[in-house]
Amino acid sequence: MDRHCRIKWNMTSTSLEEAISELLDEFQFQRTTRTLLQTALETREMAEPTMVHEGIAMPHCRSILVDDIMIALGRSASGIPWPERGVRMIILFITPVKPTGPSEHLELIKHIAQTLRSGGAEELLSASGPDEAASIFKFTYGGD
Amino acid sequence: MNKVMEKLISLHDLDVMISDLANKDISRQEKKLGLYPEAAVAELRKMRDQLASTIDRKHRDMYDRLAGHYGNAVVPVVNQRCSGCLTQLPTAFFASPDRNDQVVTCPSCGRFIYWCD
């Protein structure tokens, strides 16, 4: 999948809210946009924590505040309560609301689900660095 | 940004989230990931109602009417056009530095519009 992602390899967050904020920091959002996206992602987590595998969470939403798919991977060596069980890897993504939005959103979820279910989850948890983590999903990674 | 406008954007994103989770294909993929979209939708509906109740009646009714009619009640301005109906907006609309400090609607389609600065 030809998608670009940001990676925060040594996260310092100690809570779900901090972790979402730390990963949103990887992007250059205007202040209000950032606050609203944080709220949307936290709301989704309040409805149901998105722990998709032991040790892996997938906070995500679709929003009119972004024009392109935004993906950030985060890794915490010590684990982050989500909200109780600890997660060491976070796959955060926000997809846009536009005519192609629902299908892009679906394709990305499908791709992540297939990857995790075909051994990617274990590979991700044992990845030795950002390059390896990005390659598991066939994402490119880095800054702008 | 105007507080009512912020709430309308959040309401819109919540409606998108609810409709996504009610979508059969997305729901199936979320279940494959071990999530429970039906439970999440029920919770999100409660949160949506809670948020909607904090918006004044006039704007809430407008939002519901526009969402019912167009499917989306809030849209960004892109290249000085309403991205809902693509109408070019009058100069006075985007010349103001505090344009996001008020609730603005498109003069053509009536959707709520905001600027991504």
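Numbering of residues begins from 1 in every chain and follows the order in which that chain's sequence is written. Here chains are named by letter from A upward and ligands by number from 1 upward, in the order in which they appear as written. Local features in this predicted model are restricted to residues of pLDDT 70 or higher, and side-chain atom pairs are both shown and tallied only at a pLDDT of 80 or more, whereas totals for entire chains, interfaces and linings draw on every residue. As a rule here, side-chain values cover all heavy atoms of the structure and leave hydrogens and water aside.

(A) Structural context of a negative patch on the surface. Residue and element names in this part refer to chain A. Judged by side-chain charge, Glu122, Glu123, Asp131 and Glu132 come together as a negatively charged surface patch. Those elements that place two or more of their residues in the negative patch are helix H3 (101-125) and helix H4 (130-136). Note on placement: Asp131 falls in helix H4. The buried label applies to any residue whose accessible area, calculated with a 1.4 Å probe on protein chains only, is under 20% of its type's maximum; exposed applies above 50%, and partly exposed to all values in between. By relative accessible area, which is 56% here, Asp131 ends up exposed. Only residues whose relative accessible area exceeds 30% and that form no salt bridge are eligible for patches; like-charged ones are grouped when within 9 Å, while nonpolar side chains (Val, Leu, Ile, Met, Phe, Trp, Tyr) are grouped when within 5 Å. The accessible surface values rely on the Shrake-Rupley method and a 1.4 Å probe; as for residues, cover is taken only from the protein chains in view. A side-chain nitrogen of Lys or Arg and a carboxyl oxygen of Asp or Glu constitute a salt bridge if their distance falls within 4 Å. Charged-residue counts in this description rest on Lys and Arg as positive and Asp and Glu as negative, His and the chain ends being excluded. A charged residue contributes its charge at one atom only: NZ of Lys, CZ of Arg, CG of Asp or CD of Glu. Helix numbers and strand numbers start at the N terminus; a helix is a DSSP run of H or I with at least 4 residues, a strand a run of E with at least 2.

(B) Region of interest: helix H1 (residues 3-22) of chain B. Here H1 of chain B contains 20 residues, and its C-alpha end-to-end distance of 29 Å stays within 8% of the 28 Å for a straight helix at 1.5 Å per residue. Along H1 of chain B, 14 of the 20 residues are buried, which leaves the element largely enclosed by surrounding structure. Helix span is expected to be 1.5 Å times the residue number reduced by one.

(C) Representation of the pattern of salt bridges in the model. Taken as a whole, this structure holds 13 salt bridges over all chains when the rule is applied. Salt-bridge contacts for Arg28 of chain B lead to Asp25 of chain B; the nearest nitrogen and oxygen are separated by 3.4 Å. In this pair, Arg28 of chain B and Asp25 of chain B are both assigned in helix H2 (residues 24-32), three residues apart and thus about one turn of the helix distant. The network of salt bridges with common partners includes Arg44 and Glu48 of chain A together with Glu30 of chain B.

(D) Seen up close, helix H3 (residues 37-52) of chain B. Spanning 16 residues, H3 of chain B covers 22 Å between terminal C-alpha atoms, matching the ideal 22 Å at 1.5 Å per step. Listed as buried for H3 of chain B are Pro37, Ala40, Val41, Leu44, Met47, Arg48, Leu51 and Ala52 of chain B. Looking straight down H3 of chain B, one finds its buried side chains confined to an arc of 130 degrees; they lie on one side. Turned more than 90 degrees from where H3 of chain B packs its buried face, Lys46 and Gln50 of chain B sit exposed. Whether two residues are in contact is decided by their heavy atoms: any pair within 4.5 Å suffices. Where the residues of H3 of chain B are buried, they touch helix H2 (31-47) of chain A together with H1, H2 and helix H4 (57-70) of chain B. Arc, as used here, means the arc of the directions from the helix axis to the C-beta atoms.

(E) Seen up close, the interface of chain B and chain A. With 28 residues of chain B at the interface, the matching set in chain A holds 29 residues. In short, buried area is how much 1.4 Å probe accessible area vanishes from two parts on joining, totalled over both. Summed over both partners, the interface of chain B with chain A buries about 2500 Å², with 68% contributed by carbon and sulfur atoms. On the chain B side of the interface with chain A, the three residues burying the most area are Met17, Gln29 and Leu33 of chain B, jointly 23% of the side's total. Linking chain B to chain A there are two salt bridges. As used in this structure description, the phrase polar contact means that two N or O atoms lie within 3.5 Å; if the pair is within protein, one of them must be able to donate a hydrogen and the other to accept it, and residues adjacent in sequence are counted only when both atoms belong to side chains. The interface formed by chain B and chain A contains seven residue pairs in polar contact (both at pLDDT 80 or more). Counting only elements with at least two residues in the side of chain B that touches chain A, the list comes to H1, H2, H3 and strand E1 (74-78) of chain B. Sorting elements by how many residues they give to the side of chain B that touches chain A places H1 of chain B first, with 10 residues. Tallied by class, residues from the side of chain B that touches chain A come to 17 nonpolar, three polar and eight charged. Polar here means any residue outside two lists: the nonpolar Ala, Val, Leu, Ile, Met, Phe, Trp, Tyr, Cys and Pro, and the charged Asp, Glu, Lys and Arg; Gly therefore counts as polar.

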